[in-house]
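A look at the structure
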Amino acid sequence: MNSAQVDAYLRRLGVEHPAWPTVDALRELHLRHLRTVPFENLSIHLGEEIVLEEKRLLDKVVGARRGGFCYELNGSFGALLAALGYDVALLAARVYGEEGGLGIPYDHLALRVRTVDGGDWLADVGFGAHSHLPLAFGERGEQEDPGGTFRIVEAGPDAAGVRGGHGTVEAADLDVFRDGRAQYRLEMRPRVLGDFVAGAWWHSTSSVSHFTRSLVCSRVTEEGGRITLSGRRFTATAADGTREEKELEADEEVLGVYRERFGIELDTVPVSRNPA
């Protein structure tokens, strides 16, 4: 990523260029990303190709002022952080389903970020409702965050009885919990963006992927709540958890919400390609 691309990305987020890659700067970048760049899967339903290459991600997130899902959001954010001087590793994760089972390999992409002031952090701007701020990677107790109470713990064996890693805390897989519920299992081996192509393809095409079965566009609000447009249902959740829902009828109203609340300009209303 060149300096012009970095400057354009930072303008998209509405932040100044950090003087140093510190944890305070990382927190600001992380929160501004969640408030500015929506978590959305519209490309899947609009027939747009999803390409996991840095330039294509920047063209979408920065140039077209769109959002994306985990591979796109954390892929582009990781590139920005690396360009700003952070030590960034892409990590693969498997997401826990409703029944407690783990998803496919390369199910999710998250970031391990090291800062110049000695911090080691789990950054994730691509999981939808998750932590608003980076989580301390080495902390094994509860971590309070505006998005909930989080905990990172060494993972036990999976359904096949296999335990990730090689018996050390550093190498072992880690489970990430939010409010007492397991969210995903992280592998510690660093990956490259191209490793996630198969996972992105599966989520974009499989009839059993929740991304092909539903439409979502969501972001954190300035007040610490969340707004979400799922198909034609708009939900505003306040920081205290209270919710207001509205079913949008006219196409113009739907397109207006995409434009005014998420900054996304669309010509037509996306329609789910594989309704649940």
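What this report covers is the structure whose coordinates are included nearby. (Residues numbered from 1 in each chain as written. Predicted model: local features only at pLDDT ≥ 70, side-chain atom pairs only at ≥ 80, totals over all residues. Heavy atoms only, no water.)

**Observations concerning the overall build of the protein**
- Within the protein one finds eight helices and 13 strands.
- Relative to the compact-globule value of 19 Å for 276 residues, the protein shows a C-alpha radius of gyration of 18 Å, a close match.
- With respect to the three principal axes, the spread of C-alpha positions in the protein is 55 × 45 × 40 Å.
- The burial tally for the protein puts 51% of its 276 residues in the buried class.
- Here the contacts in the protein between residues at least 6 apart in sequence split such that 57% fall between residues at least 24 apart.
- Just so you have it, the protein exposes about 13,000 Å², and 50% of that area is on carbon and sulfur atoms.
- Of note, the protein has its 31 positive side-chain charges centred 2 Å away from the centre of its 43 negative side-chain charges. (Helix = DSSP H or I, 4+ residues; strand = E, 2+ residues; numbered from the N terminus. Rg over C-alpha atoms; globule rule 2.2 N^0.38 Å. Buried < 20%, exposed > 50% of the residue type's maximum accessible area, 1.4 Å probe, protein only. Contact = heavy atoms within 4.5 Å. Areas by Shrake-Rupley, 256 points an atom, 1.4 Å probe, with all protein chains shown as cover. Lys, Arg positive; Asp, Glu negative; His and termini not counted. Charge placed at Lys NZ, Arg CZ, Asp CG, Glu CD.)

**Concerning unusual backbone geometry**
- Positive phi, normally seen in glycine, also occurs at R65, with a value near 55°.
- Looking at where R65 falls in the secondary structure, it is placed in the loop between helix 4 (54-63) and helix 5 (70-83).
- Non-glycine residue Y106 carries a positive phi angle of around 55°.
- You can see Y106 is positioned in the loop between strand 2 (87-95) and strand 3 (108-114).
- Note on Y106: relative accessible area 22%, which makes it partly exposed.

**Side note on the sheet that holds strand 2**
- Strand order across the open sheet formed by eight strands is 5-4-3-2-9-8-7-6, with antiparallel pairing between neighbours. Each edge of the open sheet is held by one strand with a lone partner, namely strand 5 (135-136) and strand 6 (143-145).
- Bridge count for strand 7 (residues 148-154) against strand 8 (residues 174-178) is five bridges, and the pairing is antiparallel. Across the sheet, the residue bridging to E154 is L174, located in strand 8.
- Running over the sheet, helix 5 touches strand 2, strand 3 and strand 4 (120-123) and is turned about 20° from strand 3. (Pairing = 2+ DSSP bridges. Axes fitted to C-alpha atoms, helices over the stretch in contact; angles between N-to-C directions.)

**Observations concerning the sheet that holds strand 11 (residues 226-230)**
- An order of 1-10-11-12-13 is seen for the five strands of this open sheet, with the pairing classed as antiparallel. The open sheet has two edge strands, strand 1 (39-40) and strand 13 (243-247), and neither has a second partner.

**Some points on the packing of aromatic side chains**
- Applying the stated criterion to the full structure yields six aromatic pairs.
- Relative to F211, the ring of F39 has its centre 6.2 Å away and its plane inclined at 50°; by these criteria the two rings are tilted. With a gap of 172 residues between them, F39 in strand 1 and F211 in helix 7 (residues 210-213) connect regions that are remote in the sequence. Of the two residues, F39 and F211, neither departs from the other in class, the shared state being buried. (Phe/Tyr/Trp six-rings, centres within 6.5 Å; stacked < 30°, edge-to-face > 60°.)

**A closer look at helix 4**
- Residues L57, L58, K60, V61 and V62 constitute the buried set of helix 4. With its buried residues spanning 170° around the axis, helix 4 presents them on a single face. With respect to the buried face of helix 4, the exposed residues turned more than 90 degrees away are K55 and G63.
- Those residues of helix 4 that are buried lie in contact with helix 1 (3-13), helix 3 (42-46) and helix 5.
- Trailing helix 4 by a residue or two, R65 shows a phi angle of about 55°, which is positive. (Arc of directions from axis to C-beta.)

**Comments concerning the side chain of S209**
- Residue position: S209 is located in the loop between helix 6 (197-205) and helix 7.
- At a separation of 2.9 Å, a polar atom in the side chain of S209 contacts the main-chain carbonyl oxygen of H203. (Polar contact = N/O pair within 3.5 Å; in protein donor to acceptor, adjacent residues only side chain to side chain.)

**Quick word on the pattern of salt bridges**
- Here the structure, examined in full by the defined rule, presents 19 salt bridges.
- A salt bridge links R27 to D24; its shortest N-O distance comes to 3.2 Å. Remark: D24 and R27 occur in helix 2 (residues 23-36); sequence separation between them is three residues, near one turn of the helix.
- The class of D24 is exposed, set by a relative accessible area of 54%.
- Among the salt bridges present, the one from R259 reaches E260, with a minimum N-O distance of 3.6 Å.
- A residue is classified by how much of its surface remains accessible, and E260, at 60% relative accessible area, is exposed.
- Each of R233, R243, E245 and E247 takes part in a single network of salt bridges with overlapping partners. (Salt bridge = Lys/Arg side-chain N within 4 Å of Asp/Glu carboxyl O.)

**Let's talk about the pairing of strand 12 (residues 233-237)**
- Note that strand 11 and strand 12 share five bridges and pair antiparallel. The residue of strand 12 that forms the bridge with T228 is T235.
- Here strand 12 runs beside strand 13; their pairing, made up of five bridges, is antiparallel. Counterpart to F234 in the pairing with strand 13 is K246.

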